[in-house]
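# Structural overview for review
Given next are the chains, with one letter for each unit.
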Amino acid sequence: MSEMLAVYQKHLGEWLPQLIDAAGNTLRMTALAFVLAFVVGLLLALAKLSPIAPLRLFASGYIEVMRGIPSLAILFLIYFGLADFGLVFDAFPAAVIGFGLNGAAYMAEIFRAGILSIHSGQTEAALTVGMTPLAAMRWVVLPQALRVVLPPLANFGIALLKDTSVASIISAPELMLRARDLASSSFRPMEVFLLAAAIYLVMSLPVSFLTRRLEARFSRGQAHV
Amino acid sequence: MNGETAEPLLRVVDLYKNFGATEVLKGVDLEVKPGETITIIGPSGSGKTTLLRCINYLERPTSGHVFIEDRLVGEAWDGKSYRHIGDRELAKERTEMGMVFQRFNLWPHLTALGNVTLGPIRVLKKPAAEARAEGQALLEKVGLGHKAHEYPERLSGGQQQRVAIARALAMQPKLLLFDEPTSALDPELIGEVLNVMRALALEGRTMLVVTHEMRFAQDVADRVIFMDHGVIVEEGPPAQLFANPTHNRTREFLRQVVER
Amino acid sequence: MLFWERFVDNLPYFLEVLIPAAGMTVRIAAGAFVLAIVVGLVLALLQTIRIGLVTLVVRSYIELIRGTPVLAQLFILYFGLTEVGIRFTPIQAAILGLGLNGGAYLAEVFRAGIESIHAGQMEAALTVGMTPLTAMRYVILPQALRVVVPPTTNYSIALLKDTAIVSAVAAPEIMFKARNLVMETYLSAQIYLLVAIMYLVMSLILAFISRRLERRLGESGTTGQAGAA
Ligand SMILES: Nc1ncnc2c1ncn2[C@@H]1O[C@H](COP(=O)(O)OP(=O)(O)OP(=O)(O)O)[C@@H](O)[C@H]1O
Ligand SMILES: [Mg+2]
């Protein structure tokens, strides 16, 4: 224990700035992948709920396939596999695209559940005031569904933040890759990885704390309905 | 009723119970003789449920003591002070008191017979065949022999409550506690449960029954206790308590109950 | 079209390498799953006894595990512990890392399941003289089981996919063997596509088994649905 403290005393000044710098990349990767997953996921959810059969089929197929494959395999396909076809990505954008497209499948299920949780009477009421089904979705259902999906979206975000560590395996520059470099150059893997884990914890805990409060608020709100 | 000289089966001494700042029981003293049937009546929130739950230590009293046949329940006296006993000893003491809940609390993953035999098999360690034979007999006794293999969800409320009574009887308890056993039932189902309880009283079982059924209290009880605001306001034979209550609060309560 | 020709030509060789590796993936996932269930159950039960210090330790474990990447936990086990002289084989580290991680998730699932059972169930058990532990065993857990099976089977599918990351500590499962194959043949697109298909097939099979299991439990005619309907 005291030896560990001594290691930190000696190296913390050198490691911490590097790791924090890399954590910035982790956050950027998470944010970009989240946005991609959000947009694609919402489109997939709408497609899956649409009256057009081929759209529904495509969305279902996409979701089933993506949910059956590890994100690491998808990163490898994009980063190494697509290069065969002349599509060469840097590791960082490859990771963003991989996590985004993979995450979209989960996001789609979250959105779909959220939309379905809104009573059909809401749509009907919107139709009776002359809205089109699409307008009813946009102005009546989605705003209500957003409230429902907020906690699962936040949980997805936290999971994504941690999953980006996997991008280190394709050498995308982020926190875990920097940690691995430092661990092998310093021969102090324990101390370095613990420090990296602590940084992930610091990034994820506030969000999960807020999410849980939100969830508690919502479930209380529901009790009164 | 047994003679005046019989030792009390249950003795509650100066029982207090607080939930946080709320004082729910404020000094309850009570004796029940073997074979007595006692009903407890009183307005909502007066502490009737809490009293029953303190007697079998589902709630730990804030102070005061409970004795079964002069043995302390839930505590031990080590010569200087009282200490709370462990789960295992407490479980053993609870086998002497059966309890029937307002909302039945049957175990939904077990059949009627499974509910009745779980205690005998797992607690009393009876051989399964013996426990099943006895359980079947108890279900016959409450008129549900033909429902032994049904799950609770397929039974009516009245049937569920009778299974719950059989479940309590299966442990051969010395004392039966009932907490408003008919309050959650549709009116037409109340009778079948009260009939079972009446039969148990006639058998000479020792029973402590919290109830809003005034007829039952009048007809079956040896003694009626009126509780209000966490104390026993008055008690007496039903004929006297119902016809001639000495306290204003009792009179007021009875008048309201009759009007309903 | 060259792509498909090469793919078909090499398929037998790829499969010869990757199918045994898939067996290793399944073994790692199964080992981690069993460990996760045991750890999760113990942690969930420890929280029900309501001893402040115990709860604090258990909660901290759960929060720490759930707040950090499983890859970091794996590296701490595999690389970090060598500093104190503890060396795991890649497979041991994989099972331990994924299992301890999953234990924290399942602990939450099991706790929610236990808490979903009405307090009256426990009380009724206590009144017939059961100890809290006996009541847990014969009254609460059998009922909680049906609540926790769907999230637990979902977890098993996530776990199967998570095993891919243990290639990072050179555990000889699909992903690791695939990377070696790529280094050998340079046919990265074909190989990773095949890998993706293999995971998909395994996930679908597991999902199918899970659904059957859930239906069987749903039918085994006890609580809930029929009565509520
Ligand atoms: N676990 C608890 N925590 C806090 N307060 C409680 C708890 N249990 C009971 N109380 C309070 O204690 C008081 C007495 O409750 P109790 O259930 O014993 O009354 P009761 O006479 O059985 O009423 P009822 O006829 O409605 O069943 C009530 O004010 C109730 O709100
Ligand atoms: Mg009550």
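Described below are features of the structure shown in this document.

Rules of the game
By convention here, each chain's residues receive numbers from 1 onward along its written sequence. Think of it this way: whatever chain is written first is A, whatever ligand is written first is 1, and the rest follow in order. Residues qualify for local features only when their pLDDT is at least 70, as the model is predicted, and side-chain atom pairs are given and counted only at 80 or more; totals for whole chains, interfaces and linings, by contrast, use all residues. Each side-chain value is worked out from all heavy atoms of the structure, with water and hydrogens disregarded. To qualify as a helix, a DSSP run of H or I must reach at least 4 residues; to qualify as a strand, a run of E must reach at least 2; elements of each kind are numbered from the N terminus. Relative accessibility decides the category of a residue: with a 1.4 Å probe and only protein chains considered, values under 20% of the type maximum give buried, values over 50% give exposed, and everything between is partly exposed. Polar contacts here mean pairs of N or O atoms no more than 3.5 Å apart (in protein, one a potential hydrogen donor and the other a potential acceptor; neighbouring residues in sequence count only if both atoms are side-chain atoms). Should any heavy atoms of two residues lie within 4.5 Å, those residues are counted as being in contact. Throughout, buried area stands for the accessible area (probe radius 1.4 Å) lost by two parts on being put together, summed over both. The salt bridge definition used is simple: a Lys or Arg side-chain nitrogen within 4 Å of an Asp or Glu carboxyl oxygen. Ten residues, namely Ala, Val, Leu, Ile, Met, Phe, Trp, Tyr, Cys and Pro, are considered nonpolar, four, namely Asp, Glu, Lys and Arg, are considered charged, and the remaining ones, Gly among them, are considered polar. Computed over the protein atoms alone on a 1 Å grid, cavities are sets of points where a 1.4 Å probe fits but cannot get out and pockets are open sets with protein on both sides within 12 Å along at least five of seven lines; a residue lines them when it has an atom within 4 Å of a point. Grid points are joined across faces, edges and corners, and a volume is the space filled by probe spheres set on the points.

## Regarding the side chain of C:Thr68
With respect to the secondary-structure elements, C:Thr68 resides in the loop between helix H2 (52-67) and helix H3 (70-78). The class of C:Thr68 is buried, set by a relative accessible area of 7%. In this structure the side chain of C:Thr68 is engaged in a polar contact, spanning 2.8 Å, whose partner is the side chain of C:Gln73. With residues up to four places along the chain from it excluded, the contact list for C:Thr68 reads A:Lys162, A:Ala197, A:Tyr200, A:Leu201 and C:Gln73.

## Considering the interface of chain C and chain B
A common way to report how large an interface is uses the accessible area buried once the components associate. In this complex, chain C contributes 24 residues to the contact, which on the side of chain B involves 24 residues. Interface area for chain C against chain B, summed over the two sides, is near 2100 Å², with a carbon-plus-sulfur share of 63%. Between B:Arg53 and C:Glu123 there is a salt bridge; the shortest N-O distance is 2.6 Å. At the boundary of chain C with chain B, the tally comes to six residue pairs in polar contact (both at pLDDT 80 or more). It is helix H5 (residues 119-127) of chain C that provides the largest number of residues to the side of chain C that touches chain B, a total of seven residues. Each residue belonging to the side of chain C that touches chain B can be placed in one class, and the counts come to 10 nonpolar, 13 polar and one charged.

## Things to note about the layout of surface pockets
Roughly 1100 Å³ of volume is contained in the second largest pocket. Together, 34 residues line the second largest pocket, and C:Thr48, C:Arg50, C:Met122, C:Leu126 and C:Pro132 are the ones closest to its centre. Of all the elements in the fold, those that place two or more residues in the lining of the second largest pocket are helix H2 (87-94) of chain B together with helix H1 (2-48), H2, helix H4 (90-115), H5 and helix H6 (132-162) of chain C. No other element matches the five residues that H1(C) contributes to the lining of the second largest pocket. The class makeup of the residues in the lining of the second largest pocket is 18 nonpolar, seven polar and nine charged.

## A closer look at the arrangement of the chains
Of all two pairs of chains sharing an interface, the pair with the highest contact count is chains A and C. Between chain A and chain B there is no contact, and the shortest C-alpha to C-alpha distance separating them is 21 Å.

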